[in-house]
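Take a look at the letters that make up each chain.
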Amino acid sequence: MARILFLSSEHTGCGHKSITEALSEQLTLLSPDSHYMVIDGFELGNRLLRSSSRNYDAFALKYPLLWGLFYQLSNPFKALVNAFLARSIRKPLLEKVRAFRPDVIVSVHNLFVGS
């Protein structure tokens, strides 16, 4: 029996949620006794992180050029973004990991890979 923890995002587009659901369905077919937990990594963070996640769709759809500019400006500062995210989610994520005790953690959102 495998225990798999998915780090995903509920509000930043539907791709992260869709891939998590698809992986869970396929893994259940391969190993029906496996257990899965899906965590929205943004919801583990501070108010700024939660707000940015919840407002992503509206911002990216209404102001795509501004979103693109923000993305390009933040790109050279990946280490800083990763450090901010890691600091924001560390304690609640570790609590979830200790409680669930996963065999593997799968991040389907790029922001949680480095952090």
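Residues numbered from 1 in each chain as written. Predicted model: local features only at pLDDT ≥ 70, side-chain atom pairs only at ≥ 80, totals over all residues. Heavy atoms only, no water.

With an unreviewed UniProt entry as reference, the chain is termed Diacylglycerol glucosyltransferase N-terminal domain-containing protein, source organism Sporolactobacillus inulinus. Recorded in UniProt under Sequence similarities (unreviewed entry), the annotation for the chain is "Belongs to the glycosyltransferase 28 family." (UniProt positions renumbered as here; feature names shortened; annotations may be inferred.)

> Can you lay out the UniProt feature "domain: Diacylglycerol glucosyltransferase N-terminal" (unreviewed entry) in the chain for me, pointing to particular residues and giving the numbers?
Under the UniProt annotation, "domain: Diacylglycerol glucosyltransferase N-terminal" (unreviewed entry) lies at residues 16–112. Measuring from the first to the last C-alpha atom of residues 16–112 gives 12 Å, for a span that is 68% helix and 10% strand. (Helix = DSSP H or I, 4+ residues; strand = E, 2+ residues; numbered from the N terminus.)

> How would you summarise the packing of aromatic side chains if you had to cite specific residues and measurements?
Geometry of an aromatic ring pair is reported as the spacing of the ring centres plus the angle between the planes. Here the structure, examined in full by the defined rule, presents six aromatic pairs. Centroid distance Phe 59 to Trp 67: 5.8 Å. Interplanar angle 85°. Geometry classified as edge-to-face. Given the relative accessible area of 29%, Phe 59 is considered partly exposed. Ring plane angle 35° and centroid distance 5.6 Å describe the contact between Trp 67 and Phe 70, whose orientation is recorded as tilted. Here Trp 67 pairs with Phe 70, and both are found in helix H4 (residues 64–74), just three residues apart, close to one helical turn. Since its relative accessible area comes to 25%, Trp 67 is described here as partly exposed. Members of the aromatic cluster, joined through ring pairs, are Tyr 56, Phe 59, Tyr 63, Trp 67 and Phe 70. Geometry around Phe 100 places Arg 3 over its ring, the cationic atom sitting 4.3 Å from the centre. (Phe/Tyr/Trp six-rings, centres within 6.5 Å; stacked < 30°, edge-to-face > 60°. Buried < 20%, exposed > 50% of the residue type's maximum accessible area, 1.4 Å probe, protein only. Lys NZ or Arg CZ within 6 Å of the ring centre and 35° of its normal.)

> Just give me the short version of the nonpolar core, but keep the residues and values in it.
Counting residues in each nonpolar core, the largest one holds 11 residues, listed as Leu 5, Leu 7, Ile 39, Phe 42, Leu 44, Leu 49, Leu 85, Ile 89, Leu 93, Phe 100 and Phe 112. Among the elements that take part in this core, helix H5 (residues 78–100) stands out by supplying four residues, more than any other. Apart from the residues within four sequence positions on either side, Ile 39 is in contact with Leu 5, Phe 6, Leu 7, Ser 8, Leu 44, Leu 93 and Lys 96. (Core = buried A, V, L, I, M, F, W, Y, C linked by side-chain atoms within 4.5 Å. Contact = heavy atoms within 4.5 Å.)

> Let's hear about the environment of Phe 100: which residues, and what values?
Inspection of the secondary structure assignment puts Phe 100 in helix H5. Between the alpha carbons of Phe 100 and Leu 27 there is a distance of 18 Å; along the sequence they are 73 residues apart. Residues contacting Phe 100, with those up to four places away along its chain left out, are Arg 3, Ile 4, Leu 5, His 35, Tyr 36 and Met 37.

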